[in-house]
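Reading the structure
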Amino acid sequence: MNKEKKGGFSSGIGFVLAAAGSAVGVGNIWRFPYLAAKDGGGLFLLVYLVLVLTFGFTLLTSDIAIGRKTQKSSIGAYTQMRPKWKFLGILTFLVPVIIMTYYAVIGGWICRYIVAYITGAGHVAAGDSFFTSFITSPVSSSIYALIFMLITAAIIYNGVQGGIEKVSRIIMPVLLVMIVGIAIYSMTLSFTDGSGVTRTSMEGFLLYVTPNFKGLTLPKFLQVLLDAMSQLFFSLSVSMGIMITYGSYVKKDVNLNKSVAQIEVFDTVVAFLAGLMIIPAVYVFSGIEGMQSGPSLMFVSLPKVFDAMGSFGWIVGLIFFVMVAFAALTSCISVLEAIVANCMAIFSAPRKKVTISCGIIYCIASVVIALGYSLFYVEIPLPNGSMAQLLDLMDYISNSFMMPFISLLSTILIGWVVEPKWIIDEVEYGGYKFSRKKLYIVMIKYVTPIMMFILFLQSTGILNMIL
Ligand code: PFF
């Protein structure tokens, strides 16, 4: 299929904004700040930064270059690289297939909070049981998931330039302004609690950025490293075929080296700003014990913080959830696009037809997952010790199990089978300089496969069994 027929991004910046849109998602907002607070503040920031510039750069460059060089999505791309490695293309394709079943459900939760703040129910949303009673209500949680799913499908239906790029070009700058605005506001807060203790956001800020080496042992440091590594992965949307698909839409005259750097910076800056916005605010109103991970941070702790802010709270809450909805939407469209692009190739069918079929399938899937907290409630023990409902199960399979495994195999394929030169040639195409070329070779051949293996052992719980 040629490029014109397939459609592509109109420019380098259109691509960077769409790719950053995929990378910047709920992971930046509900996971990064929590990990930073848990893993020694500035220490985590430092480790994360080093990893972005080494591992993140390696995996992102590989995915995007594979896409642009082959002009195909994951299944076709891996098959073209080495026909015997088609299985890896299929595995990679399965990651967005699984993620898509639950991403719109989370998007729906976010929309529910937007509605709560618009209708003046911010105080109600801060109640202890608001979140639980919403997700356990079969009808309302399904309807919100469906709304988010349909918006996503409508954007994909309009194609790469008319849908994805157009939406990303508007949403991403607005998102940046919103997050900077809330972060600045968050830095001005202070609060005196019932026992007369006053906490200021400056103290919270220092907690966030100052490296805390207290009680740091080697196993603890290893844990920080692995936390940062799995966060990085999820955050950059690598090893799930998404960046391969987006890479296949990039014009040959775009400087990939520069684009990769811009995506890295965008994603990391937003993650840092999310911490700046959340950690001081949570610290001021609930103390640092108030920091939690995952949905409970965003849907339980933060509404309480907004409520405690007083008359301004509902506006901050509204802007916050609109911003998160934007972040989730641009990630969600990238997941659906990776699926649609592969299906267009598999079935040789046009975009609109494939989008409608996938849209219907995922509307059903989203409802099933949304009902995982009511009608289809289950408790499945995971190897890492936690109990999973359907959504957690899908998340675990795709992110903790498949992604490190796929990265491990794809670094072996690139580093040892097709050789790094194959990627390097693509990055240098058109005479551009590959500024971290030597680093790339060492990373892809040696360091990344080893780390991915360790990460795989850790996230599947095998490492804990050995140690
Ligand atoms: N990278 C997104 C984040 O940090 O939240 C999450 C994400 C997007 C994960 C797309 C998976 C995905 F397919």
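Anything mentioned here points back to the structure above.
A few points on the structure. None of the values given here were measured: they were computed from a predicted structure.

Let's shift gears to the overall build of the protein. A count of helices and strands for the protein gives 21 helices and 4 strands. The C-alpha atoms of the protein give 22 Å as radius of gyration, which agrees with the globular expectation for 467 residues (23 Å, within 12%). Dimensions of the protein along its principal axes, counting C-alpha atoms only, are 65 × 50 × 40 Å. Put simply, the protein has 467 residues, and 53% of those count as buried.

Below, the discussion takes up helix α17 (residues 351-370). Taking 1.5 Å per residue as the helical rise, α17 with its 20 residues ought to reach 28 Å, and the 27 Å between its terminal C-alpha atoms agrees with that figure. Turning to α17, its buried residues number three or more, namely Arg351, Val354, Thr355, Cys358, Tyr362, Ala365, Ser366, Val367, Ile369 and Ala370. Buried positions along α17 lie against α6 (86-118), α9 (138-157), α16 (313-347) and α18 (390-418).

Looking at the ligand, there are 16 residues lining it, with Gly25, Gly27, Ser235, Ser331 and Val335 nearest. Its residues placed into classes, the shell around the ligand shows 8 nonpolar, 8 polar and no charged.

A few words now on the packing of helix α5 (residues 74-81) against α16. Remark: α5 packs on α16, axes separated minimally by 8 Å, with the N-to-C direction vectors making an angle of 65 degrees. Across from Ser74, Ile75 and Gly76 in α5, the residues of α16 making contact are Asn342, Ala345 and Ile346. A breakdown of the residues in the contact of α5 with α16 according to their chemical character gives 3 nonpolar, 3 polar and no charged.

All right, on to the nonpolar core then. With 163 residues, the main nonpolar core has Val324 and Leu336 as its most contacted residues. When residues in this core are grouped by element, the largest group, 21 residues, is from α16. Residue contacts for Leu336: discarding those within four places in its chain leaves Met100, Thr152, Ala153, Ile156 and Cys358.

Let's shift gears to the environment of Leu53. Its place among the elements puts Leu53 in helix α4 (residues 42-70). With 386 residues separating them in the primary sequence, Leu53 and Leu439 have C-alpha atoms 9.8 Å apart.

Next up on the list: unusual backbone geometry. Even without a glycine there, the phi angle at Ser239 is positive, about 60 degrees. Here Ser239 shows up in the loop between α12 (218-236) and α13 (242-248). We classify Ser239 as buried; it has 30 C-beta atoms within 10 Å.

Cut-off values and rules
- Residues numbered from 1 in each chain as written.
- Predicted model: local features only at pLDDT ≥ 70, side-chain atom pairs only at ≥ 80, totals over all residues.
- Helix = DSSP H or I, 4+ residues; strand = E, 2+ residues; numbered from the N terminus.
- Rg over C-alpha atoms; globule rule 2.2 N^0.38 Å.
- Buried ≥ 20, exposed ≤ 12 C-beta atoms within 10 Å, placed from the backbone.
- Expected span 1.5 Å × (residues − 1).
- Contact = placed C-beta atoms within 7 Å.
- Near = placed C-beta within 6 Å.
- Nonpolar A, V, L, I, M, F, W, Y, C, P; charged D, E, K, R; others polar.
- Axes fitted to C-alpha atoms, helices over the stretch in contact; angles between N-to-C directions.
- Core = buried A, V, L, I, M, F, W, Y, C linked by C-beta atoms within 7 Å.

In short, geometric facts, not functional conclusions.
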